[in-house]
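# Architecture at a glance
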Amino acid sequence: MRSGLLLPLALALWVSVSWAATRTPYQQILHHSRLRGRHQGPNVCAVLKLMGTNQKYLPNCKMWYHRKICGKSTMITYECCPGYEEVPGEKGCPAALPLSNLYETLGTVGASTTQLYSASSNLSAEITGPGSYTIFAPTNEAWASLPAEMLDSLVSNVNIELLNALRYHMVNKRVLTDDLKHGTTLPSMYQNIDVQIHHYPNGIVTVNCARLLEADHHATNGVVHLIDKVISTTTNSILQVVELEENLETLRTAVAAAGLDSLLESEGQFTLLAPTNEAFKKIPPETLTRILGDPEALKDLLSNHILKTAMCAEAIIAGLSMETLQGNMLDVGCNGDELTLNGRPIIANKDVIATNGVIHFVNELLIPDSAKTLLELGQDSDVSKAMDLFRRAGLSSHLTGNERLTVLAPINSFFTDQTPTPGRNVLRDHIIKEQLSSKYLFHGQKLETLSGKQLRVFVYRNTLCIENACIAAHDKRGRFGTLFSMEKLVTPPLGTVMDVLKADDRFSTLVAAIQSAGLTETLNRPRSFTVFAPTNEAFRAMPQGALNKLMGNAKELASILKYHIGDEILVSGAVGAVVRMKTLQGDKLEVSTNRNLQTSNLDTTTKNHIINVNKEPVAEADIMATNGVIYAVNTVLQPSASRPNERSDEPADPALEIFKQASALSKISHRNVRLAPVYSRLLARMKH
């Protein structure tokens, strides 16, 4: 019997899920609106109304909880869902609207101006008779918002101009929202000129970028959809619009030079973010001349202004990312009535309809990285201070020319008032003589700088480093060069580990110890070491007797020194919370870091890396050598067998465990008479 109940239940669930999956985005938000309004009675829809306006939106779940549209506050109102009406004395909207012809339905749904113009143009005779039509009916407010001269020209010639305008709002068949597919066209009843349909994932449906406000009002001879604008005919492609607009003269020249004419007149649905003449004037003349004279850079520039799909302004009610033909992602959003690109309100004129898409005029150029020089990549970025240093060092020609280069630029937060200004030769060590991509670098790769030095690549689990400096952000790939943002200045190695130690007076005792232990040859070999080098101060801190004993026993000295040498290169930027490194002695060192965030006077947040080895702080990190890296430490590190127990996983002392148990039981035993003898015996055992 139970299985007999489960089968219908499973079938009902399957039907419900299948129906939900096949609903169009518009049907989904209409359904959500019904759910939010059901407590008001049957067939009541909840809508969000923009404060201070008559604009209403059927909410999706996100809109409902945020209660904002384009950053503006909304209020909840309740109204009858399409096709229903109120009954005096009853809750909600229990009655279906009477089914009548299209002409009468126009009046019923609140499109009385469209109804009036249908009568005055003699269209009423057609839409009251037999047939099957779809009318995209502008609201009364939409007609009233037309420019006065346009409205005058329509109503002064009702039998031609007004009639043609109305017939352009009609399709010669019944088309419901189910059939309004994204990116399709429908032939209108005015000379079969197409109207463009866009059905967006957020549930908004547009006709020539006019938004459907109320859809699917059925009539005996068709259906009425209420829209928020009067739509006008369009027969021009995007290319033809560009050719006709005086304010797009520079763009017209650029399109021809880049060979994009055929694309902008081809079939499809694009969005052109058309830079005005003013937009081209805003960039430096030398930059404009360079890009216009470089077909590849010009094509990248223009492709960055073309979106792969048509995006009407009415469909943008919150921020979203859209891909350009060039492959970049643009953040398209809105702020009140203004459209924004990458957070800036630079759209001057929106929703110019063409046969193959929509055009928005923009008053700033969107120059992609792929069309920029290295110097332009670094301007107004997190490496602008470094780029200024390159410029002042007389290296601008490398950053603005057509050499294939990669620049390693420290981020702005690295530079403080105490940071010494790097010289020209140091900066030349930060320019690699090829254009690289960080995702193709490999461990141990050698990179040649302008000065002829070799820099090594170190690949770690979560970090990519070049010598002592790790990459702090994603690459910026320009026209000829690539910009790597680095955590700090790169320090090329100047010799082997032994060479570096001998050249630094802080390590004179260590050098003598290494020579005494017979490890000189080892630290000169072309291998990879991480050396935690005790300073002279570290040796002085040892008890004199212990120091004399250590120095007098070559075998023990070699063992202690090998414990300070890891068998791989580990730079500080690659140290996570804890890294356990195997040493030449066989035991492991525990290397850790505390990455404290500090805020400078310029409100820039920087990382302060505090490196520890076996919980002892490192005095100086990342002293680079050709066969390793050196960390200066002010302590002589001891292998685990040579120091007192510090690890929590060592065998516990039974007596210590007794004390722990006694401490835990003391309070309980004092409160519990039955436990008092047990506690007394435990104390006696401890004393014994």
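Right above here is the structure, for reference.
This report concerns the structure included in the present document. Please read all numbers here as calculations on a predicted model, not as lab measurements.

## Topic: the sheet that holds strand 23 (residues 446-448)
Strand order in the open sheet made by the four strands is 23-24-25-26, with antiparallel pairing throughout. For this open sheet the edge positions go to strand 23 and strand 26 (469-470), each flanked by a neighbour on one side alone. The pairing of strand 24 (residues 454-459) with strand 25 (residues 464-466) spans three bridges and is classified as antiparallel. By the bridge assignment for strand 25, Phe458 is matched with Cys465.

## Observations concerning helix 9 (residues 158-168)
By the burial criterion, the buried members of helix 9 are Leu162, Leu163, Ala165, Leu166 and Tyr168. Here the buried face of helix 9 lies against helix 5 (112-120), helix 7 (140-144), helix 8 (148-155), strand 8 (170-171) and strand 10 (194-199).

## Some remarks on the state of the cysteines
Evaluation of the coordinates by the stated rule reveals five disulfides. Two residues, Cys70 and Cys334, share a disulfide whose sulfurs are 2.0 Å apart. The disulfide joining Cys70 to Cys334 has a torsion of about -95 degrees about its S-S bond and is therefore left-handed. Pair noted here: Cys70 is in the loop between strand 3 (68-69) and strand 4 (72-80) and Cys334 is in strand 17 (residues 329-335), with a separation of 264 residues, a long-range link. Here Cys70 matches Cys334 in class, with each residue buried.

## Some words on the packing of aromatic side chains
With the rule as written, the count across this model stands at three aromatic pairs. Pairing Tyr117 with Trp143 gives two aromatic rings, centres 4.9 Å apart and planes at 85 degrees, and the pair type is edge-to-face. Here Tyr117 is found in helix 5, whereas its partner Trp143 is found in helix 7, with 26 residues between them in sequence. Just as Tyr117 is buried, Trp143 falls in that class too. Taking the centre distance of 5.0 Å and the plane angle of 20 degrees together, the rings of Phe532 and Tyr631 count as stacked. Here Tyr631 lies in strand 35 (residues 628-633) and Phe532 lies in strand 29 (residues 529-534), a separation of 99 residues in the sequence. Residue class for Phe532 comes out buried when judged on its relative accessible area of 1%. The residue whose ring lies beneath Arg479 is Phe480, and the NZ or CZ to ring-centre distance is 4.4 Å.

## Thoughts on the side chain of His32
Within the secondary structure, His32 is located in helix 2 (residues 25-37). With a relative accessible area of 13%, His32 lands in the buried category. Excluding residues within four positions of it along the chain, His32 makes contact with Pro59, Asn60, Cys61 and Trp64.

## Observations concerning empty space enclosed by the protein
Under the criterion given, the structure shown has four cavities of 30 Å³ or more. Approximately 50 Å³ is the volume found for the largest cavity. Leu501, Leu510, Ile514, Leu523, Val531, Phe532, Pro534, Leu561, His564 and Ile565 together form the lining of the largest cavity. When residues of the lining of the largest cavity are traced back to their parent elements, those giving at least two are helix 21 (508-517) and strand 29. Looking at side-chain class alone, the lining of the largest cavity contains nine nonpolar, one polar and no charged residues.

## Things to note about the packing of helix 24 (residues 544-551) against helix 25 (residues 554-563)
Interaxial distance between helix 24 and helix 25 falls to 6 Å at its minimum, and their mutual angle equals 100 degrees. When the interaxial angle is binned, helix 24 and helix 25 end up roughly perpendicular. Side by side, helix 24 and helix 25 meet where Lys549, Leu550 and Met551 of the first sit next to Glu556, Leu557 and Ile560 of the second.

## Comments concerning the pattern of salt bridges
On inspection of all chains with the given rule, the structure shows 22 salt bridges. Where Lys229 meets Asp228, a salt bridge forms, and the shortest distance between an N and an O atom there is 3.8 Å. The exposure class assigned to Lys229 is partly exposed, which follows from its relative accessible area of 31%. Asp388 is the partner of Arg391 in a salt bridge, and the nearest nitrogen-oxygen pair spans 2.3 Å. Pair noted here: Arg391 and Asp388 are both in helix 17 (residues 384-392), with a separation of three residues, about one helical turn. A single salt-bridge network, built from bridges that share partners, covers Arg211, Asp228, Lys229 and Glu314.

## A look at the sheet that holds strand 28 (residues 481-486)
In spatial order, the strands read 22-21-28-27; together these four strands make up an open sheet with mixed pairing. Since the sheet does not close on itself, it has two edges, and those belong to strand 22 (431-432) and strand 27 (476-477), each with one partner. The strands that helix 17 touches are strand 21 (405-410), strand 22 and strand 28; relative to strand 21, the one it contacts most, it runs at about 120 degrees.

## Focus on the side chain of His360
Within the secondary structure, His360 sits in strand 20 (residues 357-362). Classification of His360 as buried rests on a relative accessible area of 3%. A distance of 3.0 Å separates the side chain of His360 from the backbone nitrogen of Asp351, its partner in a polar contact. Contacts of His360, omitting those with residues within four sequence positions, involve Thr271, Leu272, Leu273, Ala274, Met311, Ala313, Leu339, Ile347, Asn349, Lys350 and Asp351.

## A few points about the nonpolar core
Ranked by size, the top nonpolar core spans 32 residues in total, and within it Tyr57, Ile69, Leu273 and Leu341 carry the most contacts. Elements represented by at least two residues in this core include exactly strand 1 (44-50), helix 3 (61-66), strand 17, strand 18 (338-341), strand 19 (347-354) and strand 20. Once residues within four sequence positions are removed from consideration, Leu341 is found in contact with Leu273, Asp331, Val332, Ile346, Ile347, Val362 and Leu366. The next biggest cluster of nonpolar side chains, apart from the first, holds 30 residues, and it includes Met498, Ala513, Ala538 and Ile623.

What counts and what doesn't
- Residues numbered from 1 in each chain as written.
- Predicted model: local features only at pLDDT ≥ 70, side-chain atom pairs only at ≥ 80, totals over all residues.
- Heavy atoms only, no water.
- Pairing = 2+ DSSP bridges.
- Helix = DSSP H or I, 4+ residues; strand = E, 2+ residues; numbered from the N terminus.
- Buried < 20%, exposed > 50% of the residue type's maximum accessible area, 1.4 Å probe, protein only.
- Contact = heavy atoms within 4.5 Å.
- Disulfide = S-S within 2.5 Å.
- Phe/Tyr/Trp six-rings, centres within 6.5 Å; stacked < 30°, edge-to-face > 60°.
- Lys NZ or Arg CZ within 6 Å of the ring centre and 35° of its normal.
- 1 Å grid on protein atoms, 1.4 Å probe; cavity = no way out; pocket = protein on both sides within 12 Å on 5 of 7 lines; lining within 4 Å.
- Points joined across faces, edges and corners; volume = space filled by probe spheres on them.
- Nonpolar A, V, L, I, M, F, W, Y, C, P; charged D, E, K, R; others polar.
- Axes fitted to C-alpha atoms, helices over the stretch in contact; angles between N-to-C directions.
- Parallel < 35°, antiparallel > 145°, perpendicular 65-115°, else oblique.
- Salt bridge = Lys/Arg side-chain N within 4 Å of Asp/Glu carboxyl O.
- Polar contact = N/O pair within 3.5 Å; in protein donor to acceptor, adjacent residues only side chain to side chain.
- Core = buried A, V, L, I, M, F, W, Y, C linked by side-chain atoms within 4.5 Å.

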